[in-house]
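Listed below, chain by chain, are the residues.
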Amino acid sequence: MGISPETLATALLEQHFSQVLPVFTDVQKELAQAKFERHFGTLNIHNSTNIDNESIDADLTS
């Protein structure tokens, strides 16, 4: 079809749910996006972690 799977899925979902969900204004969309993004954050790991196989195996056995 010449489009990405993500674009196809988005189009199909919008088509399917457009009759069920209310239509939002741009302002309502922006407010919803901001509210959603308030949940975003960072992960602060206080100690360094090793991601090599030996360290992972040692962690799994302890």
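Residues numbered from 1 in each chain as written. Predicted model: local features only at pLDDT ≥ 70, side-chain atom pairs only at ≥ 80, totals over all residues. Heavy atoms only, no water.

Before going further, it helps to spend a moment on the overall build of the chain. Helix and strand counts for the chain come out as three helices and zero strands. The order of helices and strands in the chain, counted from the N terminus, is α-α-α. A total accessible area of about 6,300 Å² is found for the chain, and carbon and sulfur atoms account for 59% of it. (Helix = DSSP H or I, 4+ residues; strand = E, 2+ residues; numbered from the N terminus. Areas by Shrake-Rupley, 256 points an atom, 1.4 Å probe, with all protein chains shown as cover.)

Next up on the list: the packing of aromatic side chains. What the rule picks out here adds up to one aromatic pair. Summarising the aromatic geometry, the rings of Phe36 and Phe40 are spaced 5.2 Å apart at their centres and angled 80° between planes, so their arrangement reads as edge-to-face. (Phe/Tyr/Trp six-rings, centres within 6.5 Å; stacked < 30°, edge-to-face > 60°.)

What follows covers the confidence of the model for the chain. Model confidence for the chain is summarised by a mean pLDDT of 82, while 87% of its residues fall at 70 or above. Highest mean pLDDT in the chain belongs to helix H2 (residues 26–37) (92); lowest belongs to helix H3 (residues 53–61) (79). (pLDDT = per-residue confidence, 0-100.)

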